[in-house]
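Geometric and topological summary
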Amino acid sequence: MLFPLFRRKKKDDLHTIAFYNLENLFDTKDNPNTLDDDFTPEGFKRWSTKRYKRKLYKLAKTISEIGIESSRTTPVLIGVAEVENRKVVQDLVSAEPLKEIDYGIVHYDSPDERGIDTALVYLKSNFEVLASEPITLFVDNPNGERDTTRDILYVYGRLNGEETHIFVNHWPSRRDGEDATDYKRIEAAKTLIRKMTRIEKTQTEPNYIIMGDFNDGPTSPSIQELMKTGSLYNPMEKLLTPDKGSANYKGKWMLFDQILISHNFLNYEKHTHSFARSDIFSKASLTEFKGKYKGTPYRTYAGRKYIGGYSDHFPVYIQLKYNS
């Protein structure tokens, strides 16, 4: 077990905060209220207990390694997307690479028709939850019917004693085309901004950490809607290059997975946190090792074919330094 060997005083450490889209982390049971039939033993993907446990181990191992070379410990906060329910998140933190780490979970079931949600995993020794709630996103499809998409998860707590507002997002997809669905993600940004406005009525210069799979890149209208508030800094906007991103579609790199922070984290003040660095965690074992997709995320399925990888997204992370 390598983590206790690196344990130091928490206020001397860099603290890693990560986000990871886990690519369909479903259990093997059929939920009659959601469209999860594909991820059952009888479904066309032949999802089995063996495959489920293998995926849990791989994801847990990945999470245990994010930022560890510089922080020398596991992440203090991990936002996750595409989890079916609280049980799969609990199974994740109970998997071998993480089971000795004292992680807590914040999760709510969302109205997504496939049954996928977001969740926050937090290190109990470093983060105290004070309040949490799901923020419902109300958007309609072009035909006027509601798009039952994922909620935005809001968690308010103390990170090493410093009050922090955390939002975990998985915004509406581009399945029907980028331009045709832009309005949904812009509405998600506006929904988040309305919550921030309410917070700012009672708190001066609150600390924000806004993470997620936004299904939009740093320059997209929805992300720019957030940036127009003047309250946020996006440390990830320079990470996207023609050869690097968090996901790859038809040979093109994208950075839909991002972590935005408030400007407070750019200042130095005793007993607060300061931004240190951001990155995409794309170690070789997380990538396809041959063929035309070499170097892209090593996913669990390629269409209907099970290939036994991790996820179709790389994790992204930031590190904050506590100013003692």
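Residues numbered from 1 in each chain as written. Predicted model: local features only at pLDDT ≥ 70, side-chain atom pairs only at ≥ 80, totals over all residues. Heavy atoms only, no water.

**Observations concerning the UniProt feature "domain: Endonuclease/exonuclease/phosphatase" (unreviewed entry) in the protein**
- In this numbering, the UniProt entry assigns the feature "domain: Endonuclease/exonuclease/phosphatase" (unreviewed entry) to residues 16-321.
- For residues 16-321, the end-to-end C-alpha separation is 9 Å, with 19% helix and 30% strand making up the annotated structure. (UniProt positions renumbered as here; feature names shortened; annotations may be inferred. Helix = DSSP H or I, 4+ residues; strand = E, 2+ residues; numbered from the N terminus.)

**Details of the sheet that holds strand β8 (residues 208-213)**
- With mixed pairing, the six strands of this open sheet are ordered in space as β5-β6-β7-β8-β12-β9. Two strands bound the open sheet, and with one partner strand each, they are β5 (127-135) and β9 (232-233).
- Pairing between strand β7 (residues 162-170) and β8: six bridges, direction parallel. Within β8, the position partnered with His-170 by the bridge is Asp-213.
- On top of the sheet, helix α4 (residues 178-200) reaches β5, β6 (152-159), β7, β8 and β9; it is set at about 165 degrees to β7, its chief contact. (Pairing = 2+ DSSP bridges. Contact = heavy atoms within 4.5 Å. Axes fitted to C-alpha atoms, helices over the stretch in contact; angles between N-to-C directions.)

**Overview of the environment of Thr-136**
- Take Thr-136: it is sitting in the loop between β5 and β6.
- Separated by 13 residues in sequence, Thr-136 and Thr-149 have C-alpha atoms that sit 8.6 Å apart.
- Dropping the residues within four chain positions of it, Thr-136 is found in contact with Arg-146, Asp-151 and Thr-191.

**Quick look at α4**
- Counted at 1.5 Å a residue, the expected span for α4 with its 23 residues is 33 Å, and the 32 Å between its end C-alpha atoms agrees.
- For α4, the complete set of buried residues consists of Thr-181, Asp-182, Lys-184, Arg-185, Ala-188, Ala-189, Thr-191, Leu-192, Ile-193, Lys-195, Met-196 and Ile-199.
- Those residues of α4 that are buried lie in contact with β5, β6, β7, β8, α5 (221-227) and β9. (Expected span 1.5 Å × (residues − 1). Buried < 20%, exposed > 50% of the residue type's maximum accessible area, 1.4 Å probe, protein only.)

**Some details on the pairing of strand β3 (residues 103-107)**
- Burial analysis of β3 places five of its five residues in the buried class, which makes it a mostly covered element.
- Every second residue of β3 is oriented toward a common face, with Tyr-103, Ile-105 and His-107 on one face and Gly-104 and Val-106 on the other, all of them buried.
- Looking at chain direction, β3 and strand β4 (residues 117-123) are connected through five bridges and run antiparallel. Bridging across to β4, His-107 finds its partner in Ala-119.

**A short note on the layout of surface pockets**
- If you add up the space inside the largest pocket, you get close to 1300 Å³.
- Around the largest pocket, the lining comprises 36 residues; the ones closest to its centre are Asn-248, Tyr-249, Arg-299, Asp-312 and His-313.
- Contributing elements (two or more residues each) for the lining of the largest pocket: β1 (14-25), β10 (247-249) and β14 (301-302).
- Taken together, the residues of the lining of the largest pocket sort by class into 12 nonpolar, nine polar and 15 charged. (1 Å grid on protein atoms, 1.4 Å probe; cavity = no way out; pocket = protein on both sides within 12 Å on 5 of 7 lines; lining within 4 Å. Points joined across faces, edges and corners; volume = space filled by probe spheres on them. Nonpolar A, V, L, I, M, F, W, Y, C, P; charged D, E, K, R; others polar.)

**Quick notes on the pattern of salt bridges**
- Counted under the stated rule, the structure contains 19 salt bridges.
- Asp-91 serves as the salt-bridge partner of Lys-87, at 2.9 Å between the closest nitrogen and oxygen. On the criterion of helical spacing, the pair formed by Lys-87 and Asp-91 is a turn pair, its members being four residues apart in helix α3 (residues 86-93).
- Between Glu-225 and Lys-228 there is a salt bridge, and its shortest N-O distance comes to 3.3 Å. (Salt bridge = Lys/Arg side-chain N within 4 Å of Asp/Glu carboxyl O.)

**Some remarks on empty space enclosed by the protein**
- Counted by the stated rule, this structure contains one cavity of 30 Å³ or more.
- Approximately 40 Å³ is the volume attributed to the largest cavity.
- Taken together, Tyr-108, Ser-110, Asp-117, Thr-118, Pro-134, Asp-151 and Leu-153 make up the full set of residues lining the largest cavity.
- Its residues placed into classes, the lining of the largest cavity shows three nonpolar, two polar and two charged.

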